[in-house]
Amino acid sequence: MKRNVRNHEEQRLLPIKKNQEIGRSKKLVFFNFLFLKLKQNLNLKSNLIFFLIGLVTSNYSFTILFPDLTEPSAHNLTKSADHKLAVVVPFRDRFDELLLFVPHISKFLNTKSISFKIFVINQVDNYRFNRASLINVGFLISMKECDYMAMHDVDLLPLNEKLDYSYPSVGPFHVSSPGLHPEYNYSTFIGGILIINKQDFILTNGMSNRYWGWGREDDEFYIRLRKANITVQRPDLKDFTTGNKYTFLNNHDENKRKRDKKRFLKQKKESLVHDETGLNTIQYRIHEIKDMFIDKFSCSIVNVELFCDRYDTHWCNMDYQFL
């Protein structure tokens with residue numbers, strides 16, 4: 001399947017769509033948006049919490065896990081029609097969002113005939129949330145089974161059927177690009193949903209492990225991609241009449257789940273400074289991997305404990321919040 005893309009520097013012009021087709025597309029997306037909003041506010045009950053409770057932090061030593069993913073294996077797929085997508089979801093304490101996410105993304109990808117598996121990388125230690133490290137862990141776990149990855153926020157749900165999750169053969173593909181994402185609209189933004197193949201992620205050494213708390217890890221990863229001469233591809237905005245209001249559903253409630261935006265001591269100064277941490281330095285321990293179903297749709301819950309070098313990133317611990 002050939003994808004119409006643009007990078008952040010140019011946008012190709014496409015033929016004007018027929019008015020009838022645009023009208024049908026707007027109606028379909030609008031009703032889909034209303035349905036999801038209704039489902040979002042239902043009082044859902046689930047045993048999910050019992051699967052996601054982490055084990056008590058142990059005193060065992062941490063292990064650096066970095067398998068040689070460049071070596072061919074029985075899971076490596078070569079035919080273009082046989083690619084398998086790992087939907088990697090960095091996660092902590094967002095049970096109601098996960099209850100909506102798993103069925104929705106499963107139905108969305110099934111309609112596109114994409115082979116996929118959902119990996120929910122659940123951080124169970126007591127450190128601040130580290131999205132980038134969880135994505136690194138998710139990549140290492142999933143790439144024995146899949147050959148490309150969607151770095152996917154749990155609170156961002158695709159609505160427009162034209163959004164493309166197919167294999168990115170010519171560079172990472174930013175699904176939730178500027179102009180379509182409900183909140184962010186700057187030229188170097190690559191957060192939300194980014195699809196990347198195994199080779200490109202290894203070439204950048206993955207993401208930085210130094211970003212504890214909310215934000216900035218995606219911007220640092222953009223710098224890594226530039227240094228590796230990898231160009232981010234984006235959807236052509238002329239393919240979308242839904243803009244940034246109805247292309248995605250932003251399922252995050254800031255009043256219920258505050259984002260940890262604190263910056264302690266050297267943290268603010270060192271943000272966006274390129275570092276050498278990544279796949280080859282990530283330290284973690286897997287407590288448990290459990291397959292579960294939500295509304296008959298499956299996902300793998302990976303309970304992971306991260307390690308923090310307090311001499312390097314002392315801001316990983318909330319004890320510094322008084323400073």
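Please refer to the structure higher up on the page.
Residues numbered from 1 in each chain as written. Predicted model: local features only at pLDDT ≥ 70, side-chain atom pairs only at ≥ 80, totals over all residues. Heavy atoms only, no water.

Visitor: Before we move on, could you go through helix H6 (residues 217-227) and cite the residues and values that matter?
Guide: Counting buried positions along H6 gives eight out of 11 residues, so the element sits mostly inside the fold. Those residues of H6 lying buried are Glu217, Asp218, Asp219, Glu220, Phe221, Tyr222, Arg224 and Leu225. Where H6 is buried, its residues meet helix H4 (131-142), strand S5 (148-152), strand S8 (193-197) and helix H5 (198-203). Asn229, located one to two residues past H6, shows a positive phi value of around 60°. (Buried < 20%, exposed > 50% of the residue type's maximum accessible area, 1.4 Å probe, protein only. Helix = DSSP H or I, 4+ residues; strand = E, 2+ residues; numbered from the N terminus. Contact = heavy atoms within 4.5 Å.)

Visitor: So what's going on with the nonpolar core? Which residues, and what values?
Guide: Generally speaking, soluble globular proteins have nonpolar side chains that are buried together. Grouped together as the largest cluster of nonpolar side chains are 36 residues, with contacts concentrated most on Leu85, Phe101, Leu109, Ile118 and Tyr165. Ranked by residue count, the leading element in this core is helix H3 (residues 95-111), at eight residues. For Phe101, the residues in contact, after removing those within four places along its chain, are Val87, Val89, Ile118, His152, Asp153, Val154, Leu156 and Leu157. (Core = buried A, V, L, I, M, F, W, Y, C linked by side-chain atoms within 4.5 Å.)

Visitor: Describe the packing of aromatic side chains, and please don't skip the residues or the numbers.
Guide: The final tally for this structure, using the stated rule, is eight aromatic pairs. Both rings, one in Tyr184 and one in Phe189, keep their centres 5.3 Å apart while their planes meet at 40°; by these two values the pair is tilted. Owing to a relative accessible area of 25%, Tyr184 belongs among the partly exposed residues under this scheme. Here the aromatic residues Phe139, Phe201 and Phe221 are joined through ring pairs into a cluster of three or more. (Phe/Tyr/Trp six-rings, centres within 6.5 Å; stacked < 30°, edge-to-face > 60°.)

Visitor: Would you mind going over the state of the cysteines in detail, with residue names and values included?
Guide: What the rule picks out here adds up to one disulfide. Cys308 shares a disulfide with Cys316; S-S distance 1.9 Å. Taking the sign of the S-S torsion, about -90° here, the bridge from Cys308 to Cys316 comes out left-handed. Like Cys316, Cys308 is buried. (Disulfide = S-S within 2.5 Å.)

Visitor: With reference to specific residues and values, describe unusual backbone geometry.
Guide: Within the chain, Asp93 stands out as a residue other than glycine whose phi angle is a positive 55°. As for its placement among the helices and strands, Asp93 is situated in the loop between strand S3 (84-91) and H3. Among the residues examined, Asp93 registers a relative accessible area of 54% and is labelled exposed. The phi dihedral of Asn229 is positive, around 60°, even though this residue is not glycine.

Visitor: Quick one: what's the story with the pairing of strand S4 (residues 115-123), residue by residue and with numbers?
Guide: Across the nine residues of S4, seven count as buried, placing the element largely inside the fold. Across eight bridges, the pairing between S3 and S4 is parallel. Looking at the pairing, Phe91 lines up with Asn122 of S4. Running through H3, the crossover from S3 to the neighbouring parallel element S4 is right-handed. Relative to strand S12 (residues 297-306), S4 is paired through five bridges, and the arrangement is parallel. The residue bridging Phe119 from the neighbouring strand is Ser300, located in S12. (Pairing = 2+ DSSP bridges. Right-handed = clockwise from strand over helix to strand, strands pointing away.)

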